[in-house]
Amino acid sequence: MSALEKIDINNTPEHIAIIMDGNGRWAKQQGEDRLFGHNIGVESVREVLKGAQQANVKYLTLYAFSTENWNRPKEEVEGLMNLLVHTISNEVEELNKNNVCISTIGNLDGLPGDCKAEMQNAYEQTKKNTGVQLILALNYSAKWELMNAVKSIANKVKENSLTINEITEQVFADELTTKNIPDPELLIRTSGEHRVSNFLLWQIAYSEFYFTEILWPDFKRDNLYEAILDYQSRERRFGMVSEQIEKTS
Ligand code: IPE
Ligand code: IPE
Ligand code: MG
């Protein structure tokens, strides 16, 4: 029985978020430079996207570039931006064929002009698709997102379009870049690092975490299925006790 066949297709996470980590270390192991690792990492993105389609996942959010990643050497940052532009322009046709809708979260205004334009173009060309929603976190920082939400709400209170008592969790969530996207049930991080690195801090309040030693360029479809199977073996209690969960399921 393959890993995919073992998955309970009616209980797959609707939203999976992935911190794709380990490209640099993978390249080093191969005696190559870091950009080689990022290039091969794109192959894993294709794999995981196909896996998500097969496993009935509706939203796939991939952490592609954090605000902190600007601090990397100039050549690496430039290489990553070029890779992004080329990959997106090459893949749009294929994404359309597969009914995938692509969008971004993060500060797009802070990206180089061609990169921003390419992402907007890809979004426009795929927005009517009804299959998997691929969301790229680009120039993303959860603290940046939370600060923006606070500022926007403060402004609305100042302008009297919102009262303090009207500020609910839903009102707050609607100010985030993930408005209209359900919170991820499963968060995966590759490469053996056990940290969140400023990713989706609000949205992962009740996510299940899955850490694997596998470096991102080695992460393939079956590895995604293994993560989903692991998720399906867990009991999500949301603060309750086991007996209460058994009663409702
Ligand atoms: C993840 O791989 C990709 C990005 C952050 C863009 P890394 O480049 O962080 O790889 P390691 O962690 O150095 O191995
Ligand atoms: C997190 O990976 C960001 C992305 C995967 C894009 P990093 O490799 O940048 O994270 P840290 O710095 O090791 O925490
Ligand atoms: Mg890393």
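From a predicted model like this one, the values you see are computed outputs, not experimental measurements. Numbering of residues begins from 1 in every chain and follows the order in which that chain's sequence is written. The lettering of chains begins at A and the numbering of ligands begins at 1, in the order of writing. For this predicted model, a pLDDT threshold of at least 70 governs which residues receive local features, and a threshold of 80 or more governs which side-chain atom pairs are given and counted, while totals over whole chains, interfaces and linings are taken from all residues. Values reported for side chains reflect all heavy atoms of the structure, with hydrogen atoms and water molecules removed beforehand.

A.B. asks: Just give me the short version of the packing of aromatic side chains, but keep the residues and values in it.
C.D. replies: Side-chain rings of Phe, Tyr and Trp, where Trp is taken by its six-membered ring, are said to pair if the distance between their centres is within 6.5 Å; with planes under 30 degrees apart they count as stacked, over 60 as edge-to-face, and otherwise as tilted. Enumeration according to the criterion identifies nine aromatic pairs in this entry. For the ring pair Tyr63 and Phe199, a centre distance of 4.2 Å and an interplane angle of 10 degrees mean the geometry is stacked. Residue Tyr63 is located in strand 2 (residues 59-66), and its partner Phe199 is located in the loop between strand 5 (186-189) and strand 6 (208-211); the two are separated by 136 residues in the primary sequence. The same class applies to Tyr63 as to Phe199, namely buried. Here the aromatic rings of Tyr140 and Phe199 are separated by 5.9 Å at their centres, their planes lie at 90 degrees, and the arrangement is edge-to-face. Here Tyr140, found in strand 4 (residues 133-140), pairs with Phe199, found in the loop between strand 5 and strand 6; they are 59 residues apart in sequence, far enough to count as distant. Only protein chains enter the accessibility calculation, which uses a 1.4 Å probe. A residue is then buried if its area is under 20% of the maximum for its type, exposed if over 50%, and partly exposed in between. A relative accessible area of 1% places Phe199 in the buried class. Each residue in the set Tyr63, Tyr140 and Phe199 is aromatic and connected to the rest through ring pairs, giving one cluster. Helix and strand labels come from DSSP, where a helix needs a run of H or I of at least four residues and a strand needs a run of E of at least two; each type is numbered from the N terminus.

A.B. asks: Break down the sheet that holds strand 2 for me, citing the residues and quoting the values.
C.D. replies: Hydrogen bonds between backbone groups are what pair the strands of a sheet, and the pairing can be parallel or antiparallel. Strands sit in the order 3-4-2-1-5-6 across an open sheet of six strands; the sheet is parallel. What marks the edges here is a single partner per strand, and that holds for strand 3 (101-105) and strand 6. Strand-to-strand twist in this sheet, taken as the mean axis angle between neighbours without regard to direction, amounts to 20 degrees. Of the strand pairs in this sheet, strand 1 (residues 15-19) and strand 5 are connected by four bridges, and their pairing is parallel. Whether two strands pair depends on DSSP finding at least two bridges between them. Here an angle of 0 to 180 degrees is reported between the N-to-C directions of two axes, which are lines fitted to C-alpha atoms, with helices fitted over the stretch in contact.

A.B. asks: Please set out the site of ligand 1 residue by residue, giving values where relevant.
C.D. replies: Around ligand 1, the surrounding shell holds 13 residues, and the nearest of these are Asp21, Gly24, Arg25, Arg34 and Arg72. For this analysis, a polar contact is any N or O atom pair within 3.5 Å, provided that within protein one partner can donate a hydrogen and the other can accept it, and provided that sequence-adjacent residues contribute only side-chain to side-chain pairs. Here an oxygen atom of ligand 1 and a backbone polar atom of Gly22 are 3.3 Å apart. Here Gly24 contributes a backbone N or O atom positioned 2.9 Å from an oxygen atom of ligand 1. In short, Shrake-Rupley with a 1.4 Å probe defines the accessible areas, and a residue's cover is counted only from the protein chains shown. Bound to the protein, ligand 1 loses 87% of the 380 Å² it would expose on its own. Within the residue set of the shell around ligand 1, elements represented by two or more residues are helix 2 (23-29), helix 3 (34-54) and helix 4 (74-97). For the shell around ligand 1, the element with the most residues is helix 2, which contributes three residues. One heavy atom suffices: a residue is near a molecule or strand as soon as one of its heavy atoms comes within 4 Å of it.

A.B. asks: Give me the lowdown on helix 8 (residues 221-232), citing residues and values where you can.
C.D. replies: In a helix, the anticipated span is given by 1.5 Å times the number of residues less one. Across its twelve residues, helix 8 extends 17 Å between first and last C-alpha, which sits within 8% of the 16 Å expected from 1.5 Å per residue. Taken as a whole, helix 8 has its buried residues at Asn223, Leu224, Tyr225, Ala227, Ile228, Tyr231 and Gln232. At its buried positions, helix 8 is contacted by helix 1 (3-6), strand 1, helix 3, strand 5 and strand 6. Pairs of residues are marked as contacts when any of their non-hydrogen atoms sit within 4.5 Å.

A.B. asks: Break down the site of ligand 2 for me, with residues and values.
C.D. replies: The local shell around ligand 2 consists of Ile19, Met20, Asp21, Tyr63, Ala64, Phe65, Ser66, Asn69, Arg72, Arg189, Arg195 and Ser197. Asn69 places a side-chain nitrogen or oxygen 2.9 Å from an oxygen atom of ligand 2. A distance of 2.6 Å is found between an oxygen atom of ligand 2 and a side-chain nitrogen or oxygen belonging to Ser197. Burial of ligand 2 by the protein chains amounts to 77% of its free accessible area of 390 Å². Broken down by element, the residue count for the shell around ligand 2 peaks at four residues, all from strand 2. A breakdown of the residues in the shell around ligand 2 according to their chemical character gives five nonpolar, three polar and four charged. Classification convention: Asp, Glu, Lys, Arg as charged; Ala, Val, Leu, Ile, Met, Phe, Trp, Tyr, Cys, Pro as nonpolar; all other residues, Gly among them, as polar.

A.B. asks: So what about the nonpolar core? Which residues, and what values?
C.D. replies: Among the buried residues, those of types Ala, Val, Leu, Ile, Met, Phe, Trp, Tyr and Cys that are joined through side-chain atoms within 4.5 Å form a nonpolar core. Formed by 42 residues in total, the largest nonpolar core has its most connected members in Ile16, Ile18, Leu60, Ile188 and Leu224. At the level of secondary structure, the elements contributing two or more residues to this core comprise strand 1, helix 3, strand 2, helix 4, helix 5 (113-126), strand 4, strand 5 and helix 8. Considering every element that reaches this core, the biggest residue donor is helix 4, with eight residues. Look past the residues within four positions of Ile16 in its chain and what remains in contact with it is Val57, Tyr59, Leu60, Thr61, Leu186, Ile188, Leu224 and Ile228.

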